[in-house]
Amino acid sequence: MLSFEEKQNILDTFTELEKKEISLGRINYHYEESLYDKKNVVYHLHPNGNGFVFAGMIGDVDTDDRGMVNIRDYSEDELKEIVRDAIDSLSMTDAERDPLLEEWENEEQELLVLMKEDDGFNVYGESRLEGSFRSYAEASDFLEQEGFKRI
């Protein structure tokens, strides 16, 4: 297990994080550039070596109900990786984190592309916007009504 000081030294290398001392000798590390309300990347790093990293938007990481993962027994490499992934997850829009790009074709072999973007779902034909929709269901209904099928 890494010591409190070793964990601090590792976390201090992430220049995008702001160190905030809190009660009982604990430290939080904030990511002020987060695209979300969530700013705490490292939560309650304690002098006993215990602490948490917000991993609720990473994906294949088991977290508690707050989206946190305990880093008490993490190695240096594991700590660096989870913190980098946490920062990256807070830096990406939903569309960047969960991209959607589908090709749809009609009987005349005309091709349209359905893309998930920040403000919804857009349908493109070559470089021109054919339609903009609030949901995937609306966009796919439009494409089907126009005679297109997902390929």
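Bear in mind that the values here come from a model prediction, so they are computed numbers and not experimental data.

A few words now on the overall build of the chain. The helix and strand inventory of the chain stands at four helices and ten strands. For 151 residues, the compact-globule estimate of 2.2 N^0.38 gives 15 Å, and the C-alpha radius of gyration of the chain, at 21 Å, exceeds that figure by more than 25%. Across its three principal directions, the C-alpha atoms of the chain cover 65 × 25 × 25 Å. Relative to its 151 residues, the chain shows a buried fraction of 38%. Averaging the positions of the 16 positive and the 38 negative side-chain charges in the chain gives two centres separated by 8 Å.

On to the packing of helix α1 (residues 4-12) against helix α2 (residues 76-91). Between two packed helices, what matters for the description is the angle formed by their axes and the separation of those axes. At a minimum axis separation of 10 Å, α1 and α2 run at an interaxial angle of 40°. Viewed along their axes, α1 and α2 adopt a mutual orientation that is oblique. The two elements α1 and α2 meet at a crossing, and its hand is right-handed. Taken together, the residues of α2 that come into contact with α1 (itself represented by K7, I10 and L11) are E76, L79, K80 and V83. Considering only residue class, the contact of α1 with α2 consists of four nonpolar, no polar and three charged.

Conventions we followed
Residues numbered from 1 in each chain as written. Predicted model: local features only at pLDDT ≥ 70, side-chain atom pairs only at ≥ 80, totals over all residues. Heavy atoms only, no water. Helix = DSSP H or I, 4+ residues; strand = E, 2+ residues; numbered from the N terminus. Rg over C-alpha atoms; globule rule 2.2 N^0.38 Å. Buried < 20%, exposed > 50% of the residue type's maximum accessible area, 1.4 Å probe, protein only. Lys, Arg positive; Asp, Glu negative; His and termini not counted. Charge placed at Lys NZ, Arg CZ, Asp CG, Glu CD. Axes fitted to C-alpha atoms, helices over the stretch in contact; angles between N-to-C directions. Parallel < 35°, antiparallel > 145°, perpendicular 65-115°, else oblique. Left-handed = near helix turned anticlockwise from the far one by under 90°. Contact = heavy atoms within 4.5 Å. Nonpolar A, V, L, I, M, F, W, Y, C, P; charged D, E, K, R; others polar.

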